[in-house]
Amino acid sequence: MAQKRVQLDQETFSCSICLDLLKDPVTVPCGHSYCMTCIKTQWDVEDQKNIYSCPQCRQTFIPRPVLVKSTMLAVLVEELKKTGLQAAPADHCYAGPEDVACDVCTGRKLKALKSCLLCLASYCEKHLQPHYESPTFRKHKLVEPSKKLQDNICSRHDEVMKMFCRTDQQSICYLCPVDEHKGHDTVSAAAERTERQRELEGSRQKIQQRIQDREKDVKVLQQQLETINGSADKAVEDSEKIFTELIRLLEKRCSEVKQQIISQQETEVSRVKQLQEKLEQEITELKRKDADLKQLSHTQDHIQFLHNYPSVSALSEPTDSSSINIRPLRYFEDVTAAVAELKDKLQDILREKWTNISLALTEVDVLLPQPEPKTRAGFLQYSQEITLDPNTAHTYLLLSEGNRKATVMDQHQSYSSHPDRFTNWWQVLSRESLTGRCYWEVEWSGTRADVAVTYKNISRAGKLNECVFGLNDKSWALDCQQNSYDFWHNNMKTPVSGPQSSRVGVYLDHRAGILSFYSISETMTLLHRVQTTFTQPLYAGVWFYDYGDTAEFCKRK
């Protein structure tokens, strides 16, 4: 309580201008007291108007009052100083570079608590009191402290801007409609604020509604994320189980084949060894018989010779060795060939079924398809590695560069017979199936080449329009010639204009049904775009017209 009383006394004897203890205190006619220097400085500024006011209550005086030192106040202030209880305002109460300072404070200024839009001044807590206590300031508009109060002053007329020009969409003072805003649609700033406030509330409602909608969307997407993650985790787990079972089955078959080979090996080795032992025994017996015959041949006694000859010359039945040379060159090689054939068939099945897996994976697309890229860098993000399938290549096509390049030769290549091979036309398909979003580039040279995509079930032999890319409803082809392009589908030709280039880019969005062909040079130019519905996975392909024509599927970047 004592500390509170001392604080009250200290505030009572403080100057409301400098906020320090009164120095040479004087009392103006209205009864408020100030430091003599502070009030003199204040009134010196007002000398031009010849009207002098009290900084606290704003009461005016004419003429300028004569200031006389208040002896009693001076004594009381001195007594208060002797108590040693005077305390300066805390540092955090003073205005810093980023703060709005009180416009009334002299010396080190305190932080402003409010700004007055009518006075165009900012006040600290002490100097703000008259706005709360005096009826004179009752209609003044107090706002949060602002450094931009001068923005409310008309630069042309030096008056407070309380009006708004709707024609020019700017704040003006009451004099502006007389000259540069004459005849304009002008209203009070308050009226314009009311109108804009209604618009603002409408905008806020729209924003709040949009926030609610977006929050619902986010919640739906969160549920989708949980569903996607759960489904993907289960698919991984189930796939691992299935592949593990498949691996175990193959390992079991491998073990069975191995055991059968070993068992057959043991059987055959046993048979061979038995026959080998019989033959070796027969050789031993024959050698002994030969020695006996040799010894008999040297017998001098004719009677003895004739007597022993029948028993010595008799031979046992020879061992049957007719089966020894039945299969002199092949033993278990046929087993290896059979296993290799199984591997090839499994690879074909896996490749075919893998297409279904890839297509099923691309079907998992929660959001709308992404737009087609606009730059080559954007397309290259979908780069697809393309290799050619030797089992589909016409026998006049030589594959090289890791099966990425095809060249028309003037003689047959040594390909084995295969049902997927094109037999009538110089064509070849990719090994990879194409689903989802993918992009690849083909570098061609020679007379002519068709860069194409097709379903796998296109005919491999038969009539022209059954087999050739672009001449049926199963394939789409860009016919690249030295001086022109044509697009073909279902035997319909569409002339295509565009810059000639030896490199063609192909973009496929299987799900969206988009197929685009581009001329690639220093720039990337769209040649032709197809919008359709693809019902099967697609395969890349090329069709050639003359010996020496080549096409190479470029490496993925």
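Residues numbered from 1 in each chain as written. Predicted model: local features only at pLDDT ≥ 70, side-chain atom pairs only at ≥ 80, totals over all residues. Heavy atoms only, no water.

Q: Before we move on, could you go through the overall build of the protein and cite the residues and values that matter?
A: A tally of regular secondary structure across the protein gives 9 helices and 23 strands. Scaling as 2.2 N^0.38, a compact globule of 557 residues should have a C-alpha radius of gyration of about 24 Å, whereas the protein reaches 53 Å, well beyond that. Projecting the C-alpha coordinates of the protein onto the three principal axes gives extents of approximately 185 × 70 × 40 Å. Out of the 557 residues in the protein, the part that is buried amounts to 31%. Sequence separation of at least 24 residues holds for 55% of the intrachain contacts in the protein that already meet a minimum separation of 6. By element, 53% of the accessible surface of the protein is carried by carbon and sulfur atoms, the whole surface being about 35800 Å². (Helix = DSSP H or I, 4+ residues; strand = E, 2+ residues; numbered from the N terminus. Rg over C-alpha atoms; globule rule 2.2 N^0.38 Å. Buried < 20%, exposed > 50% of the residue type's maximum accessible area, 1.4 Å probe, protein only. Contact = heavy atoms within 4.5 Å. Areas by Shrake-Rupley, 256 points an atom, 1.4 Å probe, with all protein chains shown as cover.)

Q: Please give an account of the UniProt feature "coiled-coil region" (unreviewed entry) in the protein that cites residues and values.
A: Mapped onto this numbering, the UniProt entry annotates "coiled-coil region" (unreviewed entry) at residues 204–299. A helix fraction of 98% and a strand fraction of 0% characterise residues 204–299, whose end C-alpha atoms lie 138 Å from each other. (UniProt positions renumbered as here; feature names shortened; annotations may be inferred.)

Q: Requested: an account of the nonpolar core, with residues and values cited.
A: The nonpolar side chains of soluble globular proteins are, as a tendency, buried together. Judged by nonpolar contacts, the single largest core of 39 residues is most densely connected at W440, W476, L515 and F544. When residues no more than four places from it in sequence are discounted, the contact partners of F544 are L397, A406, V408, W426, R448, A449, D549, T550 and A551. (Core = buried A, V, L, I, M, F, W, Y, C linked by side-chain atoms within 4.5 Å.)

Q: Give a detailed account of the pattern of salt bridges, specifying residues and quantitative values.
A: As a working rule, side chains carrying opposite charge can pair if their charged atoms are close by. Evaluation of the coordinates by the stated rule reveals 23 salt bridges. The partner of E144 in a salt bridge is K114, and the shortest N-O contact between them spans 3.0 Å. Remark: K114 occurs in strand β5 (residues 114–116) and E144 occurs in the loop between β7 (142–143) and β8 (163–165); sequence separation between them is 30 residues. We note a salt bridge from R166 to E192, for which the minimum N-O separation is 2.6 Å. Residue R166 is found in the loop between β8 and β9 (170–172), and its partner E192 is found in helix α5 (residues 189–297); the two are separated by 26 residues along the sequence. Overlapping salt bridges, with partners in common, bring together R166, E192, R196 and E199 in one network. (Salt bridge = Lys/Arg side-chain N within 4 Å of Asp/Glu carboxyl O.)

Q: Now, about the packing of aromatic side chains: what can you tell me, with residues and values included?
A: Applying the stated criterion across every chain, the model contains 15 aromatic pairs. Between W43 and F61, the aromatic rings sit 6.3 Å apart at their centres with planes inclined by 65 degrees, giving edge-to-face as the arrangement. Of this pair, W43 sits in helix α2 (residues 36–46) while F61 is found in strand β4 (residues 60–61), placing the two residues 18 residues apart along the sequence. Here W43 and F61 have matching classes, each one buried. Aromatic side chains F487 and F517 sit 6.0 Å apart centroid to centroid with 55 degrees between the ring planes, which places their arrangement in the tilted category. Placement of the pair is F487 in strand β17 (residues 485–489) and F517 in strand β20 (residues 514–520), with a sequence separation of 30 residues. (Phe/Tyr/Trp six-rings, centres within 6.5 Å; stacked < 30°, edge-to-face > 60°.)

Q: Lay out helix α4 (residues 125–133) with the relevant residues and their values.
A: Since the α-helix turns once every 3.6 residues, residues separated by three or four places project in the same direction. Among the residues of α4, H127, L128, P130 and H131 are the ones counted as buried. Summarising the axial view, the buried residues of α4 lie within an arc of 135 degrees, below the 170-degree limit, and thus occupy one face. Every exposed residue of α4 that faces more than 90 degrees away from the buried side is listed here: E125 and E133. (Arc of directions from axis to C-beta.)

Q: Account for the packing of α5 against helix α6 (residues 302–313), with residues named and values stated.
A: Relative orientation and spacing of two packed helices are given, respectively, by the angle between their axes and the distance between those axes. At a minimum axis distance of 10 Å, the contact between α5 and α6 shows a crossing angle of 165 degrees. With respect to each other, α5 and α6 are oriented roughly antiparallel. The interaxial crossing formed by α5 with α6 has left-handed handedness. The segment α5 lies against α6, with K289, D292, L293, L296 and S297 engaging F305, N308, Y309, S311, V312 and S313. Among the residues making up the contact of α5 with α6, the classes are represented as 5 nonpolar, 4 polar and 2 charged. (Axes fitted to C-alpha atoms, helices over the stretch in contact; angles between N-to-C directions. Parallel < 35°, antiparallel > 145°, perpendicular 65-115°, else oblique. Left-handed = near helix turned anticlockwise from the far one by under 90°. Nonpolar A, V, L, I, M, F, W, Y, C, P; charged D, E, K, R; others polar.)

Q: Let's hear about the domain arrangement of the protein: which residues, and what values?
A: The accessible area lost on association of the parts is a frequent measure of interface size. Along its sequence, the protein is organised into domain 1 (10–83) and domain 2 (376–553). Each of domain 1 and domain 2 was reduced to a C-alpha centroid, and the two centroids are 98 Å apart. (Domains from an automatic or database assignment.)

Q: A description of the sheet that holds strand β13 (residues 427–434) should follow, citing residues and the corresponding values.
A: Overall, antiparallel pairing links the 6 strands, which are arranged β13-β22-β15-β16-β17-β18 in an open sheet. In this open sheet, the two edge strands, each paired with only one partner strand, are β13 and β18 (492–496). For this sheet the average axis-to-axis angle between neighbouring strands, irrespective of direction, equals 20 degrees. In this sheet, strand β22 (residues 538–544) lies alongside β13 in antiparallel orientation, the contact comprising 5 bridges. Along β22, the bridge assignment pairs L434 with L538. (Pairing = 2+ DSSP bridges.)

Q: Summarise the state of the cysteines; cite the residues concerned and give the values.
A: Counted according to the given criterion, the structure contains 0 disulfides. C480 takes part in no disulfide bond, and the closest cysteine sulfur, belonging to C554, lies 12 Å away. (Disulfide = S-S within 2.5 Å.)

Q: Run through α6, naming residues and quoting values.
A: Taking 1.5 Å per residue, 12 residues should reach 16 Å; α6 reaches 16 Å between its end C-alpha atoms and fits that length. With 1 of its 12 residues buried, α6 lies for the most part at the surface. Taking the backbone nitrogen of I303 as reference, a side-chain oxygen 3.0 Å away marks D301 as the first, capping residue of α6. (Expected span 1.5 Å × (residues − 1). Polar contact = N/O pair within 3.5 Å; in protein donor to acceptor, adjacent residues only side chain to side chain.)

Q: Can you break down the sheet that holds strand β19 (residues 503–509) residue by residue, with the values?
A: Pairing between the strands of a sheet is mediated by backbone hydrogen bonds and can be parallel or antiparallel. If you trace the 7 strands from one edge of the open sheet to the other, you get β11-β12-β23-β14-β19-β20-β21, paired in antiparallel fashion. Two strands lie at the open edges of the sheet, namely β11 (397–400) and β21 (524–531), each paired on one side alone. Direction aside, neighbouring strands of the sheet carry axes that sit 20 degrees apart on average. In the sheet, strand β14 (residues 437–445) pairs with β19 via 7 bridges, with the strands oriented antiparallel. Opposite E441, over in β19, you have G505 as the bridge partner.

Q: Lay out the side chain of D509 with the relevant residues and their values.
A: Along the chain, the position of D509 falls in strand β19. No salt bridge is formed by the buried D509, whose closest oppositely charged neighbour, R437, lies at an N-O distance of 4.0 Å. Within the structure, D509 has its side chain in polar contact with the backbone nitrogen of A512 (distance 3.2 Å). (Lys, Arg positive; Asp, Glu negative; His and termini not counted.)

Q: With reference to specific residues and values, describe the UniProt feature "domain: B box-type" (unreviewed entry) in the protein.
A: Within this structure's numbering, the places UniProt gives as "domain: B box-type" (unreviewed entry) are residues 149–189. As annotated, residues 149–189 has a helix share of 2% and a strand share of 22%, and its two end C-alpha atoms lie 15 Å apart.

Q: Got a sec to walk through the environment of R108? Specific residues and values, please.
A: Along the chain, R108 turns up in the loop between α3 (71–82) and β5. Along the sequence, R108 and V75 sit 33 residues apart, while their C-alpha atoms lie 26 Å from each other.

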